[in-house]
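Architecture and fold: a report
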Amino acid sequence: MAITIYNDSFNPYEVLQSYEATHLHSFGSIGAMSLFIGTMRDFNEGDSVKGMTLEYYPGMTEKQLDKILIEAQNQWALIDSLIVHRVGNIFPKEPIVLVAVWSSHRGDAFDACRFIMEALKSKAPFWKKELLNNQQERWVEKNSDGYQAS
Amino acid sequence: MSIKVRYFASLKESIGRSEDELIFTGPLTVYDVWQQINPDKPIPNHVLAAINMDYVNWDSPVSDGDEVAFFPPVTGG
């Protein structure tokens, strides 16, 4: 179980490969891994967005993410779980978040990955400030509900 | 007794500072903390509160040495 917050751009596949090599290479019981990667869009609320700044609350952010992973570990049969999240200045197409879950079976992996991502969206103290193509800056006021059809 | 009060994101910008120190005597709730530090500023809609990095309700009591934080709804991920 691990949480990493990066100030600079990260390659999610390299992070994943490195984590699996160092933490999971001996687990023959793994039968499923579920992965979510969130990347930055170049539009929001009908406007073109050319960048964003992600602020967080050092200490509380990690504490809340840790609680989310523990809740997932308690609710599903997981072998391991990982959250990686960006802060700082981010540009379109760059990864913002990675959630990975390892389990013996796909049901636990799929469901726990979704749960972790949705809990992160509603509980982890991160805040996005967008820079629009017209140079205007604005705070994102609310995350959408991931369970509603859009 | 004293506590540290912190603000984040759009709330930090609208208040114009990132933290305060509040010296107080007697029992105090999170709501009281806001009222004492920002007497002329109503609590903006949807602002969340935390004590020592855990979410709390507005009627939660604060203790000497606590870190109280106020911030808007979170928008990570």
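One structure accompanies this document, and this report is about it. Throughout, a residue's number is its position along its own chain's written sequence, starting from 1. Ligands are numbered from 1 and chains lettered from A, in the order in which they are written. The predicted nature of this model means local features are confined to residues of pLDDT at least 70 and side-chain atom pairs, given and counted, to a pLDDT of 80 or more, with totals for whole chains, interfaces and linings taken over all residues.

**As for the sheet that holds strand β2 (residues 32-39) of chain A**
Residues and elements named next belong to chain A. Strand order in the open sheet formed by four strands is β1-β5-β7-β2, with mixed pairing between adjacent strands. Each edge of the open sheet is held by one strand with a lone partner, namely β1 (2-6) and β2. For this sheet the average axis-to-axis angle between neighbouring strands, irrespective of direction, equals 10°. For every residue pair, C-beta atoms are placed from the backbone, and the pair is scored as a contact if these atoms sit within 7 Å. Inter-axis angles, ranging from 0 to 180 degrees, are taken between N-to-C directions of lines fitted to C-alpha atoms, where helices are fitted over the stretch in contact. Counting from the N terminus, the helices are DSSP H or I runs at least four residues long and the strands are E runs at least two residues long. Relative to strand β5 (residues 78-86), helix α2 (residues 60-75) is tilted by about 155°, and along the sheet it contacts β1 and β5. If DSSP finds at least two bridges between two strands, the strands pair.

**Here's the deal with the interface of chain A and chain B**
Contacts between the two partners involve 25 residues from chain A, matched on the other side by 13 residues from chain B. Elements represented by at least two residues in the side of chain A that touches chain B include exactly β4 (47-56), α2, β7 (95-103), α3 (106-123) and β8 (126-132) of chain A. Here the side of chain A that touches chain B gets five residues from one element, more than from any other, and that element is α3 of chain A. Looking at side-chain class alone, the side of chain A that touches chain B contains 13 nonpolar, five polar and seven charged residues. For this scheme, ten residues count as nonpolar: Ala, Val, Leu, Ile, Met, Phe, Trp, Tyr, Cys and Pro. Four count as charged, namely Asp, Glu, Lys and Arg, and the remainder, Gly too, count as polar.

**Let's talk about the environment of W102 of chain A**
Its place among the elements puts W102 of chain A in strand β7. Apart from residues no more than four positions distant in its own chain, W102 of chain A is found in contact with L24, I30, M33, L78, I79, D80 and A109 of chain A.

**A look at the nonpolar core**
Core analysis: the biggest nonpolar cluster contains 49 residues, and V99, V101 and I116 of chain A have the highest contact counts within it. Setting aside residues up to four positions removed in sequence, V101 of chain A forms contacts with M33, S34, L78, S81, A109, A112, C113 and I116 of chain A. Note on terminology: a nonpolar core is any set of buried Ala, Val, Leu, Ile, Met, Phe, Trp, Tyr and Cys residues joined through C-beta atoms within 7 Å. Field definition: a residue is buried when 20 or more other C-beta atoms are found within 10 Å of its C-beta, exposed when 12 or fewer are, and partly exposed for counts in between, with C-beta atoms placed from the backbone.

**Observations concerning the environment of I30 of chain A**
Residue and element names in this part refer to chain A. Residue placement: I30 occurs in the loop between α1 (12-24) and β2. Considering only alpha carbons, one finds I30 and Y6, 24 residues apart in sequence, at a separation of 27 Å. In this structure I30 touches L24, I79, W102 and S104, once residues within four positions along its chain are discounted.

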